[in-house]
Amino acid sequence: MREIIDMRSDTVTRPTAGMLDAMFSARVGDDVFGEDETVRALEEKAAAIFGMEAGLFCPSGTMTNQIAIKCFTKPMDEVICDQTAHVYRYEVGGIAWNSAASVRLLHGDRGILSPELIEPEINEDNIHYPDTTLVVLENTVNKGGGACYHLNQIEPIHNLCSIKGLKLHLDGARIFNALAATGDKALHYGRYFDGISICLSKGLGAPVGSVLLGSKEMIGRARKIRKAMGGGMRQAGFLAAAGIYALDHHVGRLKEDHAHAHALAEALAGAAWVRSILPAETNIVVFEVDPRIQVKTLVKQFADKGLLCNATGPHTVRMVTHLDVNQQQVDQAREIILHLNPA
Ligand SMILES: *Cc1c(COP(=O)(O)O)cnc(C)c1O
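Residues numbered from 1 in each chain as written. Predicted model: local features only at pLDDT ≥ 70, side-chain atom pairs only at ≥ 80, totals over all residues. Heavy atoms only, no water.

Any details on the UniProt feature "modified residue: N6-(pyridoxal phosphate)lysine" (unreviewed entry) in the protein? Residues and values, ideally.
Per the UniProt entry, the sites bearing "modified residue: N6-(pyridoxal phosphate)lysine" (unreviewed entry) are Lys202 in this numbering. With respect to the helices and strands, Lys202 occurs in the loop between β7 (195-199) and β8 (210-214). For Lys202, a relative accessible area of 14% puts it in the buried group. Sequence-distant contacts of Lys202, that is, excluding residues within four places in its chain, are made with Asp10, Thr11, Thr13, Ala173 and Arg174. (UniProt positions renumbered as here; feature names shortened; annotations may be inferred. Helix = DSSP H or I, 4+ residues; strand = E, 2+ residues; numbered from the N terminus. Buried < 20%, exposed > 50% of the residue type's maximum accessible area, 1.4 Å probe, protein only. Contact = heavy atoms within 4.5 Å.)

I'd like a description of the site of the ligand, backed by residues and values.
Around the ligand, a shell composed of Ser60, Gly61, Thr62, Asn65, His86, Glu91, Glu138, Asn142, Asp171, Ala173, Arg174 and Lys202 is seen. Considered on its own, the ligand offers 380 Å² of accessible surface; in the complex 84% of this is hidden by protein. Broken down by class, the residue content of the shell around the ligand amounts to one nonpolar, six polar and five charged. (Near = heavy atom within 4 Å. Areas by Shrake-Rupley, 256 points an atom, 1.4 Å probe, with all protein chains shown as cover. Nonpolar A, V, L, I, M, F, W, Y, C, P; charged D, E, K, R; others polar.)

Go over the domain arrangement of the protein with me, naming the residues and quoting the values.
Domain parsing of the protein yields domain 1 (17-249) and domain 2 (253-339). Domain 1 and domain 2 are separated by 28 Å when their C-alpha centres are compared. If you look at the interface, domain 1 gives 18 residues, while domain 2 gives 14 residues. Buried surface at the junction of domain 1 and domain 2, summed over both partners, amounts to about 1,300 Å²; 51% is from carbon and sulfur atoms. For the pair domain 1 and domain 2, the interface holds one salt bridge. For Glu281, the salt bridge identified is with Arg110, shortest N-O distance 2.9 Å. Where domain 1 touches domain 2, the interface holds seven residue pairs in polar contact (both at pLDDT 80 or more). Top contributing element to the side of domain 1 that touches domain 2 by residue count: helix α8 (residues 175-182), with four residues. Grouping the constituent residues of the side of domain 1 that touches domain 2 by class yields six nonpolar, nine polar and three charged. (Domains from an automatic or database assignment. Buried area = accessible area lost by both parts, 1.4 Å probe. Salt bridge = Lys/Arg side-chain N within 4 Å of Asp/Glu carboxyl O. Polar contact = N/O pair within 3.5 Å; in protein donor to acceptor, adjacent residues only side chain to side chain.)

Account for helix α13 (residues 327-339), with residues named and values stated.
Across its 13 residues, α13 extends 19 Å between first and last C-alpha, which sits within 8% of the 18 Å expected from 1.5 Å per residue. Residues of α13 that are buried in the fold lie against β1 (5-6), α11 (254-269), α12 (295-304), β11 (307-308) and β13 (316-320). The N-cap residue of α13 is Asn326: its side-chain oxygen and the backbone nitrogen of Gln328 are 3.2 Å apart. (Expected span 1.5 Å × (residues − 1).)

See the structure below:
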């Protein structure tokens, strides 16, 4: 049987043998009682990597983001983020549901914001206006084709937020991809953000889990909100062990995924039916096809040849590289792209 090349998302990875071993041998306890040493080890490890005080293991990145937004706002406040932001588009309106806050959407460059874009959108104190209290950045930007911030772009945003008394949260679902691409140090992130959400189940290849990072005080409150959301888990150390394994073994290899994405983008650039491609900075390739082509049909044609990808808009398609896509499969995908003759 032909092997399927699944590039729909970097969430489709299966645990490796080494990861499964680590999970099976994890020492666990009841984490709601604070008695799971593996969960605690993961939380401490992730916090130390980013220079933050404390961490909280959660079932998903949606939950870590939503908890952070709840910690940093009160009802009737306003959150500033880019219009592409996962926290706005793909978390089911959770900002309204969980935090009763409104959202001010900005139009960054592939989702990348700047102080110049943010400052005019901060509401002044006025009885008509919601209080702006939080800015959320995403790094890398999923819908921006994996575009990344360098720390020197984040620093001035942090400075603006400090002056204006706003909190700054990072949706770092793919922060390790950003670090691999920019060469920035994870440890330096802690000084710029009040909250950081990292995903273990994307490029890092763990089956489940995200970690929210922040001050001890913030994480204490976050722990309570997680419980209210139904996210308090018991012997979660089996899952946390996969996360620890991922942090130890799967960060260094992300550059391979980026090289693979680059190779795919190169093949796409040679296809007559591709109109444009966003620069493949990390592990995501987003491209626009000739408007006469039905993307649904195109995706189906790829699937028939064993290559799975996603339509992300009426004319755009996304391919994502990850731990379970190897060099040989990338070569095969390039062949499929070069020989495809879309209707
Ligand atoms: C995947 C993702 C998340 C979290 O998603 P979950 O599926 O809830 O873990 C958050 N932000 C971005 C940018 C993502 O791509």
